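Coordinate inspection notes
Each chain, letter by letter, is given below.
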Amino acid sequence: MNIFLLVFILLSLIPFIGLYKIFEKAGYKGWEAFIPIKNYLIWLKIINKPKSWIIFVLIPFINLIALLLMRAELASRFGKTSFTHHLAAWLFPFIYLPYLGFNQKLKLVTISEKERMN
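Just so it is clear, the model here is predicted, and its values are computed rather than measured.

Brief notes about the pattern of salt bridges
For the structure shown, the criterion picks out two salt bridges. Its salt-bridge partner being Lys21, residue Glu24 comes within 3.2 Å of it at the nearest N-O pair. Linking Glu24 with Lys21, this pair stays in helix H1 (residues 3-25), spanning three residues, or about one helical turn. Glu32 is paired through a salt bridge with Lys38; the nearest N and O atoms lie 3.3 Å apart. Judged by its relative accessible area of 8%, Glu32 is buried.

What about the confidence of the model for the protein?
In the predicted model, the protein carries a mean pLDDT of 90, and the fraction of residues at 70 or more is 92%. In the model of the protein, helix H7 (residues 113-117) stands out as the element of lowest mean pLDDT, 49, in contrast to helix H2 (residues 38-46), which has the highest, 96.

Brief notes about the packing of aromatic side chains
Within the structure shown, the criterion is met by seven aromatic pairs. Geometrically, the ring pair formed by Tyr40 and Trp43 is stacked, given 6.0 Å between the ring centres and 20° between the ring planes. Residue Tyr40 and its partner Trp43 are located together in helix H2, separated by three residues, close to a single helical turn. For Tyr40, a relative accessible area of 17% puts it in the buried group.

Here we look at the packing of H1 against helix H6 (residues 93-102)
Running from amino to carboxyl end, H1 crosses H6 at an angle of 20°, the nearest separation of the two axes being 7 Å. Between H1 and H6, the interaxial angle falls into the category roughly parallel. Crossing of H1 over H6 shows left-handed handedness. Where H1 approaches H6, its residues Leu11, Ile14, Pro15, Ile17, Gly18, Leu19, Lys21, Ile22 and Lys25 are matched on the opposing element by Pro93, Phe94, Leu97, Pro98, Leu100, Gly101 and Phe102. Tallied by class, the residues present in the contact of H1 with H6 amount to 12 nonpolar, two polar and two charged.

Criteria and cut-off values
- Residues numbered from 1 in each chain as written.
- Predicted model: local features only at pLDDT ≥ 70, side-chain atom pairs only at ≥ 80, totals over all residues.
- Heavy atoms only, no water.
- Salt bridge = Lys/Arg side-chain N within 4 Å of Asp/Glu carboxyl O.
- Helix = DSSP H or I, 4+ residues; strand = E, 2+ residues; numbered from the N terminus.
- Buried < 20%, exposed > 50% of the residue type's maximum accessible area, 1.4 Å probe, protein only.
- pLDDT = per-residue confidence, 0-100.
- Phe/Tyr/Trp six-rings, centres within 6.5 Å; stacked < 30°, edge-to-face > 60°.
- Axes fitted to C-alpha atoms, helices over the stretch in contact; angles between N-to-C directions.
- Parallel < 35°, antiparallel > 145°, perpendicular 65-115°, else oblique.
- Left-handed = near helix turned anticlockwise from the far one by under 90°.
- Contact = heavy atoms within 4.5 Å.
- Nonpolar A, V, L, I, M, F, W, Y, C, P; charged D, E, K, R; others polar.

Rendered as structure tokens:
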């Protein structure tokens, strides 16, 4: 097997392992992170976005922007609102999503609309 293919597979799979743990923290079944489309619908619930956002995830090129926004919102839901944390979530999801999921100290926090506006 080509080493580049192996690295690609690992870097593609690791964020979903992080989502597995994040889903469990949010009260969902972890295995749902591996079910296409359903995983994004649950992710949208966790970050309090409408289900209609799934359309953005399915459209090529637009999905890249939508996923960046979803990663930033997910970081915010764990209280990580700084630009540095959002940048890490954008650039290194294969590290950052497992960090959110496996870090026992991090819990989901609720963010009110008033706080979100500030």
